[in-house]
Each structure stands twice: as C-alpha cells, then as structure tokens.
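# Residue-level structural notes
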Amino acid sequence: MNINMKRTIINTLAALCLPLLATAQVRPLETTVFPESDTSKIYTVAGYRHGISFFPKVKNKHVTYEAENELRFDKFHSAEVIYTWMKRFAETYPDLVDLYEIARSYEGRPILQMTLTRKKTGKPTDKPAAFFEGNRHSGEVTSAESVLWLMNHLLTNYGKDDDITHMLDRNTIYLRPVNNPDGHNMYIHTAQANRSTVRPFDQDGDGLLDEDSPVDLNGDGNIVRMRYKDPDGDYVIDPRDASRRIMKFVGAGKGQYKVVSEGLDHDGDGRIGEDGIGGLDLHRNYPENWRPMTEATGRGWTQGGAGEYPLSETETRAVVTFLLDNPNIYIVNSMDTRVPMHLRPPSTSKSEERMYPEDLEWYKYFDRLGQRITGYDKAGDVYYDYSNGAGMPLFGHGPDFGYFYYGAIWYGDELWDNARPKEDLNGDGEKDELDQLIWDERENDAAGFIPWQEYDHPTLGKVEIGGWDPKFFNQNAPSKHLEPWIRNEALFNLAMVGHLPALEWKDCTVSKIKTYRNDSTDYRVRITYRNTGRMPTALRQADLVKIVKPDRFDIEFTGTLTETRGDEKPRFRVLDNTLDQPRRPRNFAAAPPVPANRYFREAGYAAGESDNTLEFKVRTFGAGTLSIKAGLRTTRAGILEAREIDIVKE
C-alpha cells in the first residue's frame, strides 16, 4: 500500500467519524453513593454471597450520625462524622495537618489518613515518627475513637501545651482512625456485627459464602441471644439471679434451655447465624509468621481468617506499604478491643526466646509505663501473656510484623474490659455476671442488658430474645463510659512518642597535629552529636533486618584548598581512611562522578541520652582556606542540618 492510498483511507475515516464526535455527549462519571449516605431505609453490602446482603438501617443511641459544632466523646461517631472532623481539622490547622486518601477499601470507600507535624520545622519524613491506627476490626470502634481523641487533643493543644508543641515541632504522627470503613459503617448503621471486612467468605466450610447471617427478628435494632426450652438443653437460668436474666452453662443434656444467636437457620445445617457477612481477619493477614487457612498434610499449623495469602486484603496492605515507604516510623499502635491489655510481640514464642535482650527491655519498660497510665491488669506478649501462660500461637499478627519484620516498637492494644467485675459486689464470693448486672444498674443506667422478650420463632416455636448488648457493652464501652478508656490509651501512645530519639549538635573541635617543612599541615577534626531522646536511634532488630541504615555523617569540604585548575588536584587530603567517599551507583554509567570534596562515614547507632563522635584527619598543602559542612542522616531519629566548621582560615 503506497503512501497516497494510506492518506486516502485516513481522510475517509476522519470524514465518517467527525460527525459522530461532534454529536457525542460526554457524561461525567457518577459519584458513588454509599448506603450510609443515601436516604433509603436499607443498608446493602457489596459483593456476591449466598445469603442476604441487605439489612434494615438503625440509629443506635450510642452513636452520633451527624457532625456537630463541638467534638465530644460522650458518644461514638460514624465514619462519616470522623471524616468530617478530619476535613475540618485540615482546614483549621493547615500548618500542622496533611489529610489524604491512603487507599480504597473493598467496597471502594476512601481510607483517610492524617499527617501531623509542624511543617515549618521540616518535612514529615525527616523527623522521628509514630503511627496510630484504629478500627482494623470492624466492630471494635472504641479504637477509632481513641485515634480521633488523640487527633483532637494534639491539634487543640498545640501552642498552648509546651510538651505537645515541642512534640509536633520535632516529631511526625500519622493517624488512621478507620482502617476498615466498610465494616465500621455496617456495624454502626445496622444491627449486624463482625470483626472482619465485608468481603464474602465461607466461615463454616460448607462451600457457601455468607449464607447464614444473624437476623434482628424482633426489630429492636439489636442482634442478641435466643433462649428456648429443649430436652437436650445445656443451660439453666442461674438460680442465684432473682431477675431470671442470667443463663448458666451446665453441660449438654443437663439443662433446660438452648441459647443461640438471634436469627434463622438459613442453610438448614442446624446452626443459626454461624456464617454472617465477611469473616477474613485483617489481624491475621500480615506477612510475618503468616499461615494458610488450610494446608495439604492436615498436620501443619493453620490460621483461621488469614486470607488467601499475606496482605491479600487491601486494608492490611495499605498499612504495610505505607510503613515500608516511611521507615522513619518507630512507634506503632494498631488498636483493638476488648481484653484490656498492652499487647505486643512475639505471637508464636515466649519473648526471651526470640527477641534481642536490649529490645525486649524497651518493650517491658513500655508494658509497665502503659499499665501505670491505663490501669490495665495485663501487659505482655501475644503468645504467652495473652493466653495466661498457655502458650497459644497466633499467626500473621500485626505485632510480629511490627518487630520482627519492621524493627519497631509495635503494640496491638486492646481497649475496654466488658465491664468485667473488679469487685465481688453481691458478696457471694464470686466475681461474675451477677456482679456485672449490679455494675450495669449502678453505673450504666441498666442499659447493658436487653431484657428477654417472648417471640414466636418460625421453626423453634416460642423463644425469648435478649441478653447483653453485644456492641456497646460486650465489644465496646457504653458511650457514657467511653472517654476515660480512649483518653488513657491515647495518653499512653503520646508517652511512647515522648521517648523517641532526638538529635542535636554538640562540640565540634579542630586541632593542629603537625606542620611539615614542605608547607603541609595535619589536623584532627572531632564532630559530636547527642541523642537527647531516651530511645536509641534504632532497635537492634531494625538493623538486623535492614529496615534502617546506620547513622551517617555527610561531609563536604569547601574553601580555596578544594579548588582545582586544569589537572590540579585539590590541596587537601583525608588521612588514614578516616572518611569514606561515595561510590558511583552500580549500573549507572551515565551518572556523574562523585565530587572529590564529598565524603561520608557511618557511625553506628546512638544510644539514648548519649553522644556519638566522628573523628578524622586531614592534611592541607599550601596556603588557603578549608572548611567542612557536616550533616547527619538517620533513618528513625531524623536529620541534623549541616553545620559549617573552619579547619584553616586565611
């Protein structure tokens, strides 16, 4: 085909298409309206499943659904309200706040994150940093409130509180209150509850996805328990409870009642509500010590809810990729509920068996510090302390990733205690549910226990529906008791930030060693920086896995003795290999040569509240001037801007 024929074809096609293009209408992309924001009475969950995906909306008395003029913590907040406040903070404090979308959830919701630091004192990545995350587990909304409380506390007190002002001047704090917005919204806007995302998953192993969700049969906005009489029952009404509310387990066939979840047996397997929405566990999806949900031999370790592979879930992946992109982060707390505990690594062994002793001492120190601030009874590792000494492993757990893979101080703290009785309130020698009832009546306006109500069940006949409020008594604090829990946890997080390393220049000296007859002179230069913070510039584990680089001096020589003409060499020389010169990057033939006046030296890591010194020797030839610009770079303790030191003056 010759060139003229090609032109003819192109011109013909253009003539045919131009009228179409001229009349075409460009339609803008539709903005997604999520069910929590629409005006219908139904909340629909995305994804293909074998069970129902739509549920009646509820307005829970413990939740604020519209942003008010004042941010208070006497109620929980919907994700939409939390996001509204984050946007308000970004507008009100532009010198301190960057707000951005870090990822999109399974259902396509934005996952918002905030960076807090005073921008005029340096880039966020040039400062020691902490990362605090809430609401990984959908129903554990107390953790989101703690992050929001911390956000509000820091911003409203900057410039008023010296400690907070100093902290945000020299540190960076990354805050992600709702890492699982899909689950959070379903939990807040419906009676449904889970601890996963909403991605469909076969929890009961019958080959069906989410086919048996619990159901709010009596329409009171709660999904609680059903009790019904059965000759093979395993529960009785506790004879000590005159109100006949508390059930006591006595063993199969020894009781009068069965107690099951409120709902229906949708799949006919004899169980009720055992395969609701979702089921994958974001806190079993981290890469360190990950195990599959099933394995081929039947003899290896497995982990329920782990996902198809490590970081299969976008919400977990968004945490890990952000942290790896920001290795200046040294302190992490990704919070859950409801076993009040400062929870840390390891998850598959005792602490002493796998951790460097000096790193473990820091964790033990923070355990004790946390207990003093929060009053939690328990603090320690996931494997041994969380299981009360039984040694129960968890796989793919965040704290293990945080220490063994990422080399940081990483907690997965649990907030709220299910109103577990601290005293024997009725004097019967036990601290049990009867004491919880008394506490609920005295301290919680008797709102924690939903009274039993008769109901005609389509398959079970007469049943009673009732029990402890599963959301705002069992899993989360009642709203009137919320603030002390979230405040104390936030103050523990701030206390950890207060221990981060901090750098400052100390003495820098130049001394003449010897002058030679040929008009050359040797000098000794000593440059000292101090880590004024309590923590070292890196944990030993961080160095082992090479998340961090050693503290590094960057030295640039300046002055007339560095100037060259033609083939002249600089009239100074570093002696005895006391400094190193950067090498040209491999496989970059086009990279410019490294200037002859640029040097560096790695200095290891500075312990807390200690000095670190670089000493080197330099020889000068002839008359002239020679100075150095010395800077310091660290991965987790930030940077020190270059300071200039004269070696030879005119």
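Here the structure is shown first, and the text comes after it.
Throughout what follows, the structure given in this document is the object of discussion.

### Side note on helix 10 (residues 433-443)
Along an α-helix, a turn takes 3.6 residues, which lines up residues three or four apart on a common side. Among the residues of helix 10, those classed as buried are Leu434, Asp435, Gln436, Leu437, Ile438 and Asp440. On the buried face of helix 10, the contacting elements are strand 19 (449-457), strand 20 (461-468) and helix 11 (470-475). Looking at where helix 10 begins, the residue whose side-chain oxygen comes 3.2 Å from the main-chain nitrogen of Leu434 is Asp432. Downstream of helix 10 by one or two residues, Asp445 has phi in the positive range, about 55°.

### Thoughts on the sheet that holds strand 24 (residues 572-575)
Two orientations exist for strands paired in a sheet by backbone hydrogen bonds: parallel and antiparallel. Read across the open sheet, the four strands follow the order 21-22-26-24; overall the sheet is antiparallel. Looking at strand neighbours, the two that pair on one side only are strand 21 (503-515) and strand 24, the edges of this open sheet. Here the strands of the sheet are splayed against their neighbours by 25° on average, with no regard to which way each runs. Note that strand 22 (residues 520-531) and strand 26 (residues 610-621) share 12 bridges and pair antiparallel.

### A word on the pairing of strand 5 (residues 97-104)
Pairing analysis gives seven bridges linking strand 5 to strand 6 (residues 110-116), with the strands arranged antiparallel. Bridge pairing links Ala103 to Ile111 in strand 6. Between strand 5 and the antiparallel strand that follows it, strand 6, lie five residues; Gly108 among them carries a positive phi value of about 95°.

### Digging into the sheet that holds strand 23 (residues 552-558)
On the basis of which strands lie adjacent, the open sheet formed by four strands has the order 25-23-27-28 and antiparallel pairing. Looking at the sheet topology across the chains shown, the edges are occupied by strand 25 (598-602) and strand 28 (639-648). On average, each strand axis in the sheet is inclined to that of its neighbour by 20°, with strand direction left out of account. Bridge analysis of strand 27 (residues 626-633) against strand 28 gives seven bridges, and the strand direction is antiparallel.

Rules and cut-offs
Residues numbered from 1 in each chain as written. Predicted model: local features only at pLDDT ≥ 70, side-chain atom pairs only at ≥ 80, totals over all residues. Heavy atoms only, no water. Buried < 20%, exposed > 50% of the residue type's maximum accessible area, 1.4 Å probe, protein only. Helix = DSSP H or I, 4+ residues; strand = E, 2+ residues; numbered from the N terminus. Contact = heavy atoms within 4.5 Å. Polar contact = N/O pair within 3.5 Å; in protein donor to acceptor, adjacent residues only side chain to side chain. Pairing = 2+ DSSP bridges. Axes fitted to C-alpha atoms, helices over the stretch in contact; angles between N-to-C directions.

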